[in-house]
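# Structural description and commentary
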Amino acid sequence: MSSTAGEEGGLSQAAPDASPAQTVATGNTPEEQAFPAAGEASPSSTSSFEMLDMESVSVPYQEVQPHWFFCRRADDTTSWLPFSREDSDKLEHACKTIREKKEEIVVAVDGERYDVHVKERKRYAVYWDQAPTEVRRCTWYYKGDKDTRFMPYTEDFSQSLEDAYMIAVTLNEWKRKLDFPTGETVILHNPKLIMQYQPLALQDDWVSSPSENSRPRTVKRGIDNISVEIPDGEPEKVDHLVFMVHGIGPACDLRFRSIIQCVNDFRSASLSLLASHYKRAQQDGQVARVEFLPVNWHSALHGDATGVDEDIQRITLPSISRLRHFTNDTLLDLFFYNSPTYCQTIVDTVASEINRLHALFKQRHPEYSGAVSVVGHSLGSLILFDLLTNQRTASEARERVSSGEPGHLKCETLEQTLTRLGLQQYLDTLQTENLDLESLALCHDGDLKDLGIPLGPRKKILNYAKRKCPPEDCKTGAVHLAPGLQVPYENALLSEHDCNQCSESTAQQSQFHRAQSITSAVDYEYFDVGIGQTNGGIAKGQVSIDYPQLAFHPQTFFAFGSPIGMFLTVRGLKHIDPHYSFPTCKSFYNIYHPYDPVAYRIEPMIVSEVDLEPMLIPHHKGRKRMHLELKDSLTRMSMDLKNNVLGSLRTAWQSFARLPVAALPPVEEGDNTTVTDIQDTKGVCVDTENSVSGDQAEQPEIKVGMLNGGRRIDFVLQEKPIESFNEYLFAIQSHLCYWESEDTALLLLKEIYDKLGVAFEQPQQ
């Protein structure tokens, strides 16, 4: 009831205008009868022994040490979280500077992912869209009986408490009462016992026990006197940069958290693992940290620019509305990716967002010279796979520029372009203004708006035109490689008839050049047209998009819970040539949970003649999980028992089948025969064990193609003991477990730092 009126920031919101009265009341007053006497202990706070013991203690006054907090609001709850000590010290130094210069100062905090405007007391995200949050310089804190953590007072309220505390310490006069205009009363019993009482006006009439309603709050001075976990600061230096792309839907885990929150957890896990598994390297200055940045494409697809949500909502049935809303917001992303219009939007958004984040990171870290990797979860891994398949090396780009290879876009007319975009109704409007593709590339949004074209169509037209007719210094042609629907190779060479303005021989040579560059490294049964091919009749019914180029060459591509193998198979690709690798990325890891219903393997598409088990990802604490070790032990015991039983049966059968001869010495013959049989039996067992151990030793040495530089590609996590009881029950959770998986994070760190020549060390348990 009224005891919660100031909780979760309620008191803090009213406190700035609630300056205390300058008169400090001591002694007995009628108002004090509603509160415990100043000389008596509150039964809910401390014992009378503690208070009497504190009365005689005289403590010299020392200025309180402030600590900076930021506010986090989620699910109608408000919490205040502390900055690291390093960030708090930087903010405090900037605050003192502002008092002198009266100018705004911006301080980068949390690994330079946020900027704090100190004078404004606001914290702004740098790399993603997020509402600014309040920042507070905190010195005094309170906690009620039902609160789980201490909450900071506002700065004005804290200053009033600090002034009263200074007077009490200086004069050594305690049992003082501080009244605020809002009705709150704070009584300073002694330096260690300070309580706050709710105003009488907030009490409810129907509460039977007034003592329950007037329970005080505990008040503490300084962050050292409260229980709060202050996070460790992050090193300023960055060793490696990783971009993480999410899958379907706006939520990334069972708690319906965004990609930003999930990546924050993954980053925190990596920092903890670096401190435990690279401790010596950190002490020697070889290891700093890895920066993980989220890439969000869902909001762009479902935003106002596309208008797809409104279109889908108009045709959605009203029944089971929550389930239909979930389907429209998540599962439909799979269908959007196979749509020519929205697939282009998704790929453009992912590439442009990665390039934007990369440029912004380089701007804020101009000294950075490390490598960059990419991570994709679920559908995000397929997007990155198609994107990386269509990247060009620097030599290929120069060859295309020097050869002046004509593209199919030069052969398109305005009518063909609008037909491809499904915007034929605007053909007359654009033809009236004598616009073609090149002139459209020079237009701005306002130009098409003046022609009466709505926002969605004009965004599509401008985006398409600018990709088709880029500036001369960026005009390097387009590659269309992403494995998609298949058509016979001989038909592909005869399908350039749409380019009426180009000669037939030039078109065939251009098409042959693309076919050769695309398929020479991949053993496709058919010529792979792929998503993005626009070869006239061949492209009919297929997704037709162009893949943008990334501003860097990724070092490693990590796929979490990836359906890449399934999509390639559905597209008609049955085999991947072992010599094939991404044009600009030489490492690829397919990481999955054994119960993940969305995950598929890659290695069987490369090495089909050998049944390879996936590589087991070690537990971050070392060895295998207990239940897996027990399972392996039972398997070995059963194999040993089987071999021993077979050996015993063989010996018994040989002894039974041998006819007894009375004239021969039974003992010697029996001993020799038994020894021989036992040796034979042992030989069988040894041979069996050697063959098993030999198979295990030879398995990791098998080459599985060049997608990961000849190394293994498929890596499987170890399921938890509780998950092994019912794999169906934990199926959905298994697809969303990667963001909090320390085993996954450690695998990424080992791959990253192995290439930097930093040794991994397993901590002692």
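Scope of this entry: the structure provided in the associated data block. Please read these numbers as outputs of a predicted model, since none were measured by experiment.

### Considering the overall build of the protein chain
From N to C terminus, the protein chain includes 26 helices and 21 strands. The buried share among the 765 residues of the protein chain stands at 48%. Nonlocal contacts in the protein chain, meaning residues at least 24 apart in sequence, comprise 72% of its contacts between residues at least 6 apart. Surface exposure of the protein chain reaches about 39300 Å², of which carbon and sulfur atoms provide 54%.

### A short note on the nonpolar core
Counting residues in hydrophobic clusters, the biggest one holds 110 residues, and the most contacted among them are Phe243 and Phe557. When residues of this core are assigned to their parent elements, the largest contribution, 10 residues, is made by helix α11 (residues 340–364). Excluding residues that lie within four positions of it along the chain, Phe243 makes contacts with Leu293, Val295, Ile354, Leu357, His358, Val372, Ser373, Val374, Val375 and Phe552. In terms of nonpolar packing, the next biggest core, distinct from the first, is built from 26 residues, Cys138, Val169, Ile194 and Ile223 among them.

### Concerning the sheet that holds strand β20 (residues 615–616)
On the basis of which strands lie adjacent, the open sheet formed by 7 strands has the order β14-β13-β15-β18-β19-β21-β20 and parallel pairing. Two strands in the sheet have a free side with no partner beyond their single neighbour: β14 (290–295) and β20. In the sheet, strand β15 (residues 372–377) pairs with strand β18 (residues 557–560) via 4 bridges, with the strands oriented parallel. Counterpart to His377 in the pairing with β18 is Phe560. In the packing of helix α6 (residues 259–277) onto the sheet, contacts are made with β13 (240–245), β14 and β18, and the angle to β14 comes to roughly 170°. Contacting β13, β14 and β15, α11 runs over the sheet at an angle of about 155° to β13.

### A look at a nonpolar patch on the surface
On the surface, a cluster of nonpolar side chains totalling about 380 Å² of accessible area is made up of Ile320, Leu323, Phe326 and Leu331. Structurally, Phe326 is set in helix α10 (residues 321–337).

### Examining the packing of aromatic side chains
For the coordinates displayed, the defined rule picks out 25 aromatic pairs. Aromatic side chains Tyr114 and Trp128 sit 5.8 Å apart centroid to centroid with 85° between the ring planes, which places their arrangement in the edge-to-face category. One end of the pair, Tyr114, is in strand β4 (residues 114–117); the other, Trp128, is in the loop between β5 (122–125) and β6 (133–138), with 14 residues separating them in the sequence. For the pair shown, Tyr114 and Trp128 are each scored as buried. Residues Phe243 and Phe552 carry aromatic rings whose centres are separated by 5.8 Å and whose planes lie at 35° to one another, so their mutual orientation is tilted.

### Digging into helix α3 (residues 85–101)
Since one α-helical turn is 3.6 residues long, residues separated by three or four positions face the same way. Between the first and last C-alpha of α3 there are 24 Å, a value that for 17 residues agrees with the 24 Å anticipated at 1.5 Å per step. Of the positions making up α3, those classed as buried are Asp87, Ser88, Leu91, Glu92, Ala94, Cys95, Thr97 and Ile98. Contact partners of the buried residues in α3: β1 (67–74), β3 (106–109), β4 and β6. Once α3 ends, the next one or two residues include Lys102, with phi positive near 60°.

### Considering the sheet that holds strand β9 (residues 176–179)
As summarised here, the arrangement of the 6 strands in space is β8-β7-β12-β11-β10-β9, forming an open sheet in which the pairing is antiparallel. In this open sheet, the two edge strands, each paired with only one partner strand, are β8 (151–152) and β9. Sheet analysis places strand β10 (residues 185–190) next to strand β11 (residues 193–197), joined by 5 bridges and oriented antiparallel. Bridging across to β11, Ile187 finds its partner in Met195. Contacts from helix α4 (residues 155–171) reach β7 (140–143), β9, β10, β11 and β12 (217–221), with the element oriented near 155° to β9.

The rules we used
- Residues numbered from 1 in each chain as written.
- Predicted model: local features only at pLDDT ≥ 70, side-chain atom pairs only at ≥ 80, totals over all residues.
- Heavy atoms only, no water.
- Helix = DSSP H or I, 4+ residues; strand = E, 2+ residues; numbered from the N terminus.
- Buried < 20%, exposed > 50% of the residue type's maximum accessible area, 1.4 Å probe, protein only.
- Contact = heavy atoms within 4.5 Å.
- Areas by Shrake-Rupley, 256 points an atom, 1.4 Å probe, with all protein chains shown as cover.
- Core = buried A, V, L, I, M, F, W, Y, C linked by side-chain atoms within 4.5 Å.
- Pairing = 2+ DSSP bridges.
- Axes fitted to C-alpha atoms, helices over the stretch in contact; angles between N-to-C directions.
- Patch = residues over 30% accessible without salt bridge, like charges linked within 9 Å, V, L, I, M, F, W, Y side chains within 5 Å.
- Salt bridge = Lys/Arg side-chain N within 4 Å of Asp/Glu carboxyl O.
- Phe/Tyr/Trp six-rings, centres within 6.5 Å; stacked < 30°, edge-to-face > 60°.
- Expected span 1.5 Å × (residues − 1).

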